[in-house]
There are 2 protein chains.
Amino acid sequence: MNAPIVNPALTKNQTLVFDALNRAEGPMSAYTILDKLRDHGFRAPLQVYRALDKLTEFGMVHRLESLNAFVACAHRESECCGGSHNHGQGTVAFAICESCNQVIEFHDHEVDHHLGDWAKSKGFKPSKTTIEIRGLCEKCAA
Amino acid sequence: MNAPIVNPALTKNQTLVFDALNRAEGPMSAYTILDKLRDHGFRAPLQVYRALDKLTEFGMVHRLESLNAFVACAHRESECCGGSHNHGQGTVAFAICESCNQVIEFHDHEVDHHLGDWAKSKGFKPSKTTIEIRGLCEKCAA
DNA sequence: TGCCACACGTTATAGCATAACGCAATTGAT
DNA sequence: ATCAATTGCGTTATGCTATAACGTGTGGCA
């Protein structure tokens, strides 16, 4: 089995961005992150985007396409799928509350399976799959 | 059965935008549409965005979140789901070829069902679900 | 030592989307 | 018929999101 990317050494900027996302406990746009990090010397969007690119590559951060925003991966060490920040073959899905902005990250192997079957039947080779459910979380729907 | 929005009368701008998307046979950004319609008197992005908002509301156009672009709905009259541009309860999914930009629109009721179950189990009330598979279509993967 | 890969910093620019204003046409109830 | 509400339209200005292109510095390594 190919070695997934596990606990890569983060650079200073990557660490700052990752920590900012973890503290936020919710999605942030790149420019919001930039503003939070001005006190730490950040001056330009590229500093944020470059860090986000790497963190996304490492699987430590996810991009929410429907929000143009980013969240820290909700996984903790070795929680599932065989390792730290390794999502294996599984697609990550998100439920995004449009009222309180809470984001629930989850996996659904059945959904993966069905979409995989569809792709196979069409000869389509997936590289990245986005699943995002916008709506109201339990609290906000009440 | 509840009446879905069927063949609403389109305004001039809406018709121009919809026709442009249909001619394109592929996704276009709002600004690309604007450029195509300058000869028809379009001058500003809002003319395009306002038409797109309505067309999306009517179900005649879909937004591809991972592309910031728009496509005409691939459905033809009464093709499925009980009527013109009526997607019923079903979520629309897209496979997007990153090589040739072809977009395949499809439905997967099993996937809908599983995501619906997940939402129900969490008390989450979905309003809109995005499913987009980026990858290579059969031709481009060969 | 020279080369390479990579992170970083900066300036500028490109691409996507909406706010806020006013006007015109339509509808529909009184 | 007329007034009010709604809707579409056009324009200007602005804001948000993302990347191009340049150069610098550093660490590994043949």
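Residues numbered from 1 in each chain as written. Chains lettered and ligands numbered in written order. Predicted model: local features only at pLDDT ≥ 70, side-chain atom pairs only at ≥ 80, totals over all residues. Heavy atoms only, no water.

As recorded in an unreviewed UniProt entry, chain A goes by the name Transcriptional repressor, listed as coming from Aliirhizobium smilacinae. Recorded in UniProt under Sequence similarities (unreviewed entry), the annotation for chain A is "Belongs to the Fur family." (UniProt positions renumbered as here; feature names shortened; annotations may be inferred.)

So, the overall build of chain A: which residues are in play, and what are the values?
Along chain A, the regular secondary structure elements total five helices and five strands. The order of α-helices and β-strands along chain A, N terminus first, is α-α-α-β-β-β-β-α-β-α. Looking at the 142 residues of chain A, the share that counts as buried comes to 44%. Here the analysis covers contacts within chain A between residues at least 6 apart in sequence; of these, 58% occur between residues at least 24 apart. Accessible area of chain A: about 7700 Å², with a carbon and sulfur share of 49%. (Helix = DSSP H or I, 4+ residues; strand = E, 2+ residues; numbered from the N terminus. Buried < 20%, exposed > 50% of the residue type's maximum accessible area, 1.4 Å probe, protein only. Contact = heavy atoms within 4.5 Å. Areas by Shrake-Rupley, 256 points an atom, 1.4 Å probe, with all protein chains shown as cover.)

An account of the packing of helix α4 (residues 109–122) of chain A against helix α4 (residues 109–122) of chain B is requested, with residue identities and associated values reported.
Packing of α4 of chain A against α4 of chain B brings their axes to within 9 Å, and their N-to-C directions diverge by 165°. Of the possible angle classes, the one that applies to α4 of chain A and α4 of chain B is roughly antiparallel. Crossing angle aside, the handedness with which α4 of chain A passes α4 of chain B is left-handed. Two secondary-structure elements touch here, α4 of chain A through E110, V111, H114 and L115 of chain A and α4 of chain B through E110, V111, H114 and L115 of chain B. Here the residues of the contact of α4 of chain A with α4 of chain B are counted per class, giving four nonpolar, two polar and two charged. (Axes fitted to C-alpha atoms, helices over the stretch in contact; angles between N-to-C directions. Parallel < 35°, antiparallel > 145°, perpendicular 65-115°, else oblique. Left-handed = near helix turned anticlockwise from the far one by under 90°. Nonpolar A, V, L, I, M, F, W, Y, C, P; charged D, E, K, R; others polar.)

Residue-level account of the pairing of strand β4 (residues 103–106) of chain B, with values.
Sheet topology places strand β3 (residues 93–97) of chain B next to β4 of chain B; four bridges connect them, and they run antiparallel. For A93 of chain B, the partnering residue across the bridge sits in β4 of chain B and is F106 of chain B. (Pairing = 2+ DSSP bridges.)

Pulling in residues and values, what's your account of the interface of chain B and chain A?
Contacts between the two partners involve 33 residues from chain B, matched on the other side by 33 residues from chain A. Note on chain B versus chain A: buried area summed over both sides is about 2800 Å², and carbon and sulfur give 66% of it. When residues of chain B are sorted by the area they lose upon contact with chain A, W118, F124 and I133 of chain B head the list and together hold 22% of the total. Summed over the shared surface of chain B and chain A, the result is zero salt bridges. Taken together, the connections running from chain B to chain A amount to 10 residue pairs in polar contact (both at pLDDT 80 or more). Ranked by residue count, the leading element in the side of chain B that touches chain A is strand β5 (residues 125–136) of chain B, at 12 residues. Looking at side-chain class alone, the side of chain B that touches chain A contains 15 nonpolar, eight polar and 10 charged residues. Summarising the sheet, strand β5 (residues 125–136) of chain A and β5 of chain B pair through 11 bridges and their orientation is antiparallel. Pairing of I133 of chain A across the sheet is with T129 of chain B, part of β5 of chain B. (Buried area = accessible area lost by both parts, 1.4 Å probe. Salt bridge = Lys/Arg side-chain N within 4 Å of Asp/Glu carboxyl O. Polar contact = N/O pair within 3.5 Å; in protein donor to acceptor, adjacent residues only side chain to side chain.)

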